[in-house]
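Take a look at the letters that make up each chain.
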Amino acid sequence: MSQIFAIKYKGDYIDSRFVPVEKGHGEFKDISPSDLNDMIMNVPFKHEHMDEACRAAKKAFPEWSALSMEKRKEALLRLKEVFVSHEPQMAQAISRDTGKPLWDSTTEAKALASKIDITLNFSAKLIEEERITNALPSVDGVIRYKPRGVMAVIGPFNFPAHLPNGHIIPALMVGNTIVFKPSEQTAAVGQLYAELIDKAQFPPGVFNMVQGDGEAGRRLVVSEDIDGILFTGSYEVGLKIKQETLSHYWKILALEMGGKNATVVCDDADLDKAIYETLIGAYMSSGQRCSCTSRIILGEKIADEFTEKFYQAAKKLSIGHWSENPFMGPLINSAAVEKYIRFQEIANRENCESLMRGKAMDLKHKGHYVTPSIHLVKKFDPASVYQKSEIFGPNVAIYKSTDIDHSLKIVNSTGYGLVMALFTKDENIYKKALIEARVGLLNWNRTTNGASSRLPFGGMGKSGNDRPSAHFAVQYCTVPLASLEDATPFDPSKVLPGMNYGKN
């Protein structure tokens, strides 16, 4: 095993200093799901710290937003250097906190600096000032974009650095200030992220990080000091945020809430490529990605061959501790394991055939490890609990389909609409899916996993609320401001009828 970087509890990060919690409302233990003997740190929390962080962010907003874009970019470029120099520490923290293999976590750690490059050099173009000559007769119009204020960023456990970072960087670039609440499952990554921000020397209050439970999250989203909520997580929590803020209609909500993603493999597909890509889609990060493949819909002619080869390949996937660099690590906690096992039983009850049974594993390192699983769906049923529920584990359901119309009916049946993958050589089928699939992302001859930050990322239906992140994040972090600018002198000949303006 490589050197273990020490992680010591420092407290919440408020107004550019770490504030330990001494007498709080409770605490939780940050224990690695890959090794239950690896107790990373105890994390006490105090709800009042959330209020203090919101006030600090609000106080910092006028000065930070008044800086030129170039000055804010300088601060972000300092942060980029810090991200790059601390990639090994961040990758290891992600692996310990989530159980993800080190190769997977390293990819996430490297994405932090890349997000800064993409935002500054690519996404910023989406909010460039635009002047419209003669927007009204002899009057020019200007479109500008200004920051919203204080943005609450609520992070998930599965990408505890990359996904919050995807909100934080564009929000800071355009002049917002931040209050970040990490997932309770990944408190160490949240603290390390705050440490790196601290090293980049942002002005006090521009970025704040507060650990906490569900009540801390509720307190954050209902705060009168918050102007926007940027959330990645489950549909159930996203819905609760929406309900909590119904009367706060002025707050922008960017909700990314998971998926029940489908891969459609047509009879003319490159079978070896489709199998390889779908294995990645289904089982990378142990199926704990909002974009993971949950359903595989196969053309009748290739269904049996695909299923057999997919099954044989799935049996060979390595599972183990993050330091061993396997393909799959553990699930995040015992509740996730229980849910995963429960859905095996639900699938069997609902008349699906278990081709590969998912079960808990007892490995050298005691953690929340499970085997991958495959169920064959004998009959498509949009009311089936198994067929429409997001499991967030390494399980796939395999369907047979008569044609693309039938396949798209299955794709659109769950209420979720994040991403679909389509394997076919027929461009007409792809064009049909572009129109008819109710998803925010559609990949052609590529798996559902692994989105580009140079493209929008967001879903339809239960997967989101039409606020795509990634490349488009700068748009929900800003308010478009329209101005009419009239440089002409007063013209008495244009006084409106009946005003008698200027007459004695």
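Only a predicted model underlies this, so the values are computations on that prediction, with no experimental measurement involved.

A. Representation of the layout of surface pockets. Size it by volume and the largest pocket reaches roughly 1000 Å³. If you trace the largest pocket, you find 37 residues lining it, with Phe157, Phe231, Gly233, Ser234 and Val237 closest to the centre. With five residues, the single largest contributor to the lining of the largest pocket is helix 8 (residues 235-244). A volume near 740 Å³ is recorded for the second largest pocket. Lining the second largest pocket are 32 residues, with Phe159, His162, Arg289, Gly450 and Ala451 sitting closest to its centre. Of all the elements in the fold, those that place two or more residues in the lining of the second largest pocket are helix 4 (102-121), helix 5 (162-173), helix 9 (271-283) and strand 22 (469-470). When residues of the lining of the second largest pocket are assigned to their parent elements, the largest contribution, eight residues, is made by helix 4. Split by residue class, the lining of the second largest pocket holds eleven nonpolar, 14 polar and seven charged.

B. Fine view of the environment of serine 483. Examined against the element boundaries, serine 483 turns out to sit in strand 23 (residues 478-485). Separated by 45 residues in the primary sequence, serine 483 and arginine 438 place their C-alpha atoms 36 Å from one another. The residues contacting serine 483, other than those within four sequence positions of it, are Asp140, Gly141, Val142 and Arg144.

C. A look at the pattern of salt bridges. This model, assessed by the stated rule, comprises 21 salt bridges. A salt bridge links aspartate 104 to arginine 289; its shortest N-O distance comes to 3.3 Å. Pair noted here: aspartate 104 is in helix 4 and arginine 289 is in the loop between helix 9 and strand 13 (293-299), with a separation of 185 residues, a long-range link. Overall, arginine 289 belongs to the buried group, its relative accessible area being 10%. When the shortest N-O distance is used, the salt bridge between glutamate 324 and lysine 364 registers 3.6 Å. Here the residue glutamate 324 occupies a position in the loop between helix 10 (303-314) and helix 11 (334-349), and lysine 364 occupies one in the loop between strand 14 (352-356) and strand 15 (373-377), the gap between them amounting to 40 residues. Overall, the relative accessible area of 42% leaves glutamate 324 in the partly exposed class. Under the relative-accessibility criterion, lysine 364 is labelled exposed at 69%. Within this structure, Glu129, Arg131, Arg144 and Glu485 form a network of salt bridges that share partners.

D. Focus on the pairing of strand 5 (residues 130-136). Inspection of the sheet shows strand 5 paired to strand 6 (residues 139-147) by four bridges, in the antiparallel sense. Across the sheet, the residue bridging to isoleucine 132 is glycine 141, located in strand 6. Once strand 5 ends, the chain turns through two residues before running back antiparallel as strand 6, passing serine 138 with a positive phi of about 65 degrees.

E. A look at the sheet that holds strand 23. An order of 5-6-23 is seen for the three strands of this open sheet, with the pairing classed as antiparallel. Where the open sheet ends on each side, the last strands, each with one partner, are strand 5 and strand 23. When strand polarity is set aside, the average angle formed by the axes of neighbouring strands in this sheet is 30 degrees.

F. Inspection of empty space enclosed by the protein at higher detail. In the structure shown here, the tally under the stated rule is three cavities of 30 Å³ or more. Estimates place the volume of the largest cavity at around 80 Å³. What lines the largest cavity is a set of 16 residues, and nearest its centre among them are Leu255, Glu256, Phe457, Gly458 and Arg467. Examining the composition of the lining of the largest cavity, we find that three residues originate from one element, strand 11 (residues 252-256), more than from any other. Across the lining of the largest cavity, the residue classes break down as six nonpolar, seven polar and three charged. Approximately 50 Å³ is the volume found for the second largest cavity. Of all the secondary structure elements, the ones that give two or more residues to the lining of the second largest cavity are strand 12 (261-265) and strand 17 (416-417). Considered class by class, the residues forming the lining of the second largest cavity number six nonpolar, three polar and three charged.

G. Inspection of the sheet that holds strand 18 (residues 419-423) at higher detail. Ordered in space as 14-15-16-13-12-18-19, the seven strands form an open sheet in which the pairing is mixed. With one partner strand each, in any of the chains shown, strand 14 and strand 19 (441-444) form the two edges of the open sheet. The average undirected angle you get between the axes of adjacent strands in this sheet is 20 degrees. Examined bridge by bridge, strand 14 and strand 15 share four bridges and lie antiparallel to one another. Looking at strand 15, one finds that methionine 356 is bridged to isoleucine 374. Its contacts with the sheet place helix 10 against strand 12, strand 13, strand 14, strand 15 and strand 16 (395-401), and it is angled at close to 145 degrees to strand 13.

H. How the structure looks around the side chain of glutamine 211. Along the polypeptide, glutamine 211 turns up in the loop between strand 9 (207-209) and helix 7 (214-221). Assessed through its relative accessible area of 2%, glutamine 211 is described here as buried. At a separation of 3.0 Å, a polar atom in the side chain of glutamine 211 contacts the main-chain carbonyl oxygen of alanine 187. Here glutamine 211 is in contact with Asp12, Phe28, Met41, Val43, Phe45, Pro182, Ala187 and Gln191, once residues within four sequence places are set aside.

I. Local environment of helix 1 (residues 47-66). Spanning 20 residues, helix 1 covers 30 Å between terminal C-alpha atoms, matching the ideal 28 Å at 1.5 Å per step. The sharpest bend along helix 1 measures roughly 40 degrees and falls at alanine 60, with the proline proline 62 sitting one to four residues further on. Residues His47, His49, Met50, Ala53, Cys54, Ala56, Ala57, Ala60 and Trp64 constitute the buried set of helix 1.

J. Structural context of the packing of aromatic side chains. Counted by the stated rule, this structure contains 16 aromatic pairs. A cation over a ring is seen here: arginine 454 above phenylalanine 122, with NZ or CZ 4.1 Å from the ring centre. The ring of tyrosine 235 is capped by lysine 462, whose NZ or CZ atom sits 4.7 Å from the centre of that ring.

Rules behind the numbers
- Counting starts from 1 at the beginning of each chain's written sequence and moves along it residue by residue.
- Residues qualify for local features only when their pLDDT is at least 70, as the model is predicted, and side-chain atom pairs are given and counted only at 80 or more; totals for whole chains, interfaces and linings, by contrast, use all residues.
- Side-chain figures throughout are based on the complete set of non-hydrogen atoms in the structure, without hydrogens or water.
- Here a cavity means grid points, on a 1 Å grid over the protein atoms only, where a 1.4 Å probe fits yet cannot get out; a pocket means an open set of points with protein on both sides within 12 Å along at least five of seven lines; lining residues are those with an atom within 4 Å of a point.
- Grid points are joined across faces, edges and corners, and a volume is the space filled by probe spheres set on the points.
- Segments assigned H or I by DSSP are reported as helices when at least four residues long, segments assigned E as strands when at least two residues long, and all are numbered from the N terminus.
- The residue classification treats Ala, Val, Leu, Ile, Met, Phe, Trp, Tyr, Cys and Pro as nonpolar and Asp, Glu, Lys and Arg as charged. All others, Gly included, are polar.
- We call two residues contacting when some pair of their heavy atoms lies within 4.5 Å.
- Every case where a carboxyl oxygen of Asp or Glu lies within 4 Å of a side-chain nitrogen of Lys or Arg is listed as a salt bridge.
- Only protein chains enter the calculation, and the probe is 1.4 Å; a residue is then buried if its accessible area is under 20% of its type maximum, exposed if over 50%, and partly exposed in between.
- DSSP calls a pair of strands paired once it identifies at least 2 bridges connecting them.
- Here, axes are lines fitted to C-alpha atoms. For helices the fit covers the stretch in contact, and angles between N-to-C directions go from 0 to 180 degrees.
- Nitrogen and oxygen atoms within 3.5 Å of one another constitute a polar contact, given that in protein one can donate a hydrogen and the other can accept it, and given that sequence-neighbouring residues count only through two side-chain atoms.
- Between the first and last residue of a helix there are one fewer steps than residues, each counted as 1.5 Å, and that sum is the expected span.
- Two axes are fitted around each residue, one to the seven residues ending there and one to the seven starting there, and the angle between them is reported as the bend at that residue.
- Pairing of aromatic rings covers Phe, Tyr and Trp, the last counted by its six-membered ring, and requires centre-to-centre distances within 6.5 Å; plane angles under 30 degrees mean stacked, over 60 mean edge-to-face, and any other angle means tilted.
- Whether a charge sits over a ring comes down to the Lys NZ or Arg CZ being within 6 Å of the ring centre and within 35 degrees of the ring normal.

These results come straight from atomic positions and should not be treated as a statement about function.
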